[in-house]
Amino acid sequence: MSNVKINKICGGEYSTLIGMNGGDIESQDGTSIVYAAKKDLSEPYTEIWICDRDLKGHRKVYTVSCMNHNGPSASFVDNNTVVFRDMKDDIPSFILYDVERNEEKCRVYGKMGHRVSGELFPFSVRERQLDKNGAFPKIDRCGVYMMNVRTGEITFLISDEEMNDIALSRGYGIKPNTCDVSHLQLSPDCSAVMMRMGIPDCPTFGALGCMDLTTRKTHLIPDKPVHQLWFDNDTYMATRQFEIDGKIDMATSYIARFSKDGEELEVLGGIGNHIDGNADRTLFAGDRCYPGYATNVYVYERGNKTPIAEIEIDDLPEIVWKKQVHPNPSFSGNGKRLYFNCPISNDRTEASFIEIDEIY
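Here the structure is a predicted model, which is why all the values come from computation and not from measurement. (Residues numbered from 1 in each chain as written. Predicted model: local features only at pLDDT ≥ 70, side-chain atom pairs only at ≥ 80, totals over all residues. Heavy atoms only, no water.)

A.B. asks: Go over the nonpolar core, please, and point to the residues and values.
C.D. replies: Residues Val-144, Leu-157, Ile-158, Val-181, Leu-186, Val-193 and Met-195 are the most contacted members of the largest nonpolar core, which totals 22 residues. Only strand 12 (143–148), strand 13 (154–159), helix 2 (160–168), strand 14 (182–186), strand 15 (192–197) and strand 16 (207–212) provide two or more residues apiece to this core. Once residues lying within four places of it in the same chain are set aside, the contact partners of Leu-157 are Val-144, Tyr-145, Met-146, Glu-162, Leu-186, Leu-213 and Arg-216. Core analysis: the next-biggest nonpolar cluster, separate from the first, contains 17 residues, Val-77, Cys-106, Ile-139 and Val-149 among them. (Core = buried A, V, L, I, M, F, W, Y, C linked by side-chain atoms within 4.5 Å. Buried < 20%, exposed > 50% of the residue type's maximum accessible area, 1.4 Å probe, protein only. Helix = DSSP H or I, 4+ residues; strand = E, 2+ residues; numbered from the N terminus. Contact = heavy atoms within 4.5 Å.)

As structure tokens, then:
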């Protein structure tokens, strides 16, 4: 195991943040980076910034309102367009913004998905968001949708009834917010969509639902592994966690690959919580984001629980747990960098990265 140099995306007095684990921090051509900046982590005022991959040309493009958990989840959906979330009139929405032309392409009232797949971006809409989407007549009911980020075309995917039936058909209960799903992700080939569901029978880890968009076949993993991402078109990568004496245990956690129905197929890495894998699935990263531990980030070769690199982060529980700044490791599209949030004090954090060729 080796330690490695930490590089920060931007200097200055503001805190800077990346979004969700496994997000598209870099544009698809690898020339640009998107990140967020906050003067005060206790306030919702958040700026969206763009810079070149060589860390030059920093410029602010937008200002939103959000707190720190996943920040505004800013991510590229193509070389010139980023997506990020915002609270507008106290209602969740997301914005597609053209950073080349410096103009807003559209705002959709809904909960944004995790990342784009090809040209398609998933999102969900609940009751109080419906009448806010007058610009999109196809958004006419609650459920899951996807948008073609090139054409703007919106397609309805899953109804509330279908989402509830994923749990009910297997003998599990539902609750009023079961269909208020999160971490929507289309498979790489866009043939299926998966989502985290809240069902009362799985109070600790939640459940992971999935639907094949052609056959409408459904899958469910109760008490799911956490911070899941698609591994390929048919399987997930996620962290397996165990609850011991009423607490989620850090030491027994590990990164693994799972079928859509929850069968563990292979071990991918060791200790983790928020995770990601590089594009060719040879390297995996996970953070030690557990109470009582410094939130170090580890890099693993596939199948080995012993890390090849450890990124040491100071033990700063106030910023990690009270202010909700989690490392959220994310590989660049070409796999040459690993981005993450790096708290440096209980009031400040820095969006950072390591160069993979320095460790592998």
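Resuming the write-up.
A.B. asks: Please set out helix 2 residue by residue, giving values where relevant.
C.D. replies: All buried positions along helix 2 are accounted for by Asp-160, Met-163, Asn-164, Ile-166 and Ala-167. For helix 2, the angular spread of buried residues about the axis comes to 145°, placing them on one side. In this structure, the buried residues of helix 2 make contact with strand 12, strand 13, strand 15, strand 16 and strand 17 (218–222). (Arc of directions from axis to C-beta.)

A.B. asks: So what's going on with the side chain of Ser-15? Residues and values would help.
C.D. replies: Within the secondary structure layout, Ser-15 lies in strand 2 (residues 15–17). Among the polar contacts made by the side chain of Ser-15, one reaches the main-chain amide nitrogen of Thr-349 at a distance of 3.1 Å. (Polar contact = N/O pair within 3.5 Å; in protein donor to acceptor, adjacent residues only side chain to side chain.)

A.B. asks: Outline the sheet that holds strand 8 (residues 91–98), supporting the account with residue identities and numerical values.
C.D. replies: Spatial strand order, 6-7-8-9: four strands in an open sheet with antiparallel pairing. Single-partner strands in this sheet number two, and they are strand 6 (75–76) and strand 9 (103–108). Bridge count between strand 6 and strand 7 (residues 81–88): two bridges; the pairing is antiparallel. Note that in strand 7 the partner of Phe-76 across the bridge is Val-82. (Pairing = 2+ DSSP bridges.)

A.B. asks: With reference to specific residues and values, describe the environment of Leu-157.
C.D. replies: Among the structural elements, Leu-157 can be located in strand 13. Along the primary structure Leu-157 and Cys-10 are separated by 147 residues, whereas in three dimensions their C-alpha atoms are 39 Å apart.

A.B. asks: How would you sum up the sheet that holds strand 21 (residues 264–269)? Please name residues and give values.
C.D. replies: Strand order in this open sheet of four strands is 18-19-20-21, and the pairing throughout is antiparallel. Because the sheet does not close on itself, it has two edges, and the strands there are strand 18 (226–230) and strand 21. Neighbour to neighbour, the strand axes of the sheet diverge by 30° on average, direction disregarded. One ladder, built from nine bridges, connects strand 19 (residues 235–244) with strand 20 (residues 247–259); its direction is antiparallel. Bridge pairing in strand 20 places Thr-239 opposite Ile-255. (Axes fitted to C-alpha atoms, helices over the stretch in contact; angles between N-to-C directions.)

A.B. asks: Break down the pattern of salt bridges for me, with residues and values.
C.D. replies: Throughout the structure, instances matching the rule amount to 19 salt bridges. Between Glu-266 and Arg-257 there is a salt bridge; the shortest N-O distance is 2.8 Å. Where Lys-323 meets Glu-318, a salt bridge forms, and the shortest distance between an N and an O atom there is 3.9 Å. Taking the relative accessible area as the measure of exposure, Glu-318 reaches 35% and is therefore partly exposed. (Salt bridge = Lys/Arg side-chain N within 4 Å of Asp/Glu carboxyl O.)

A.B. asks: Tell me what's going on with the packing of aromatic side chains, and back it up with residues and numbers.
C.D. replies: Per the counting criterion, the structure on display carries 13 aromatic pairs. For the pair Tyr-62 and Tyr-97, a centre-to-centre distance of 5.5 Å together with 70° between the ring planes defines the contact as edge-to-face. Taken as a pair, Tyr-62 in strand 5 (residues 59–65) and Tyr-97 in strand 8 lie far apart in primary sequence, 35 residues in all. Pair check on accessibility: Tyr-62 and Tyr-97 agree, each one buried. Taken together, the aromatic side chains of Phe-94, Phe-121, Phe-123, Tyr-145 and Phe-156 make up a single cluster linked through ring pairs. The ring of Phe-231 is capped by Arg-257, whose NZ or CZ atom sits 4.9 Å from the centre of that ring. (Phe/Tyr/Trp six-rings, centres within 6.5 Å; stacked < 30°, edge-to-face > 60°. Lys NZ or Arg CZ within 6 Å of the ring centre and 35° of its normal.)

A.B. asks: Go over unusual backbone geometry with me, naming the residues and quoting the values.
C.D. replies: Despite not being glycine, Asp-223 has its phi angle at roughly 45°, a positive value. Inspection of the secondary structure puts Asp-223 in the loop between strand 17 and strand 18. A positive phi angle is found at Asp-245, which is not glycine, with a value near 55°. Look at Asp-245 and you get exposed, because its relative accessible area is 78%.

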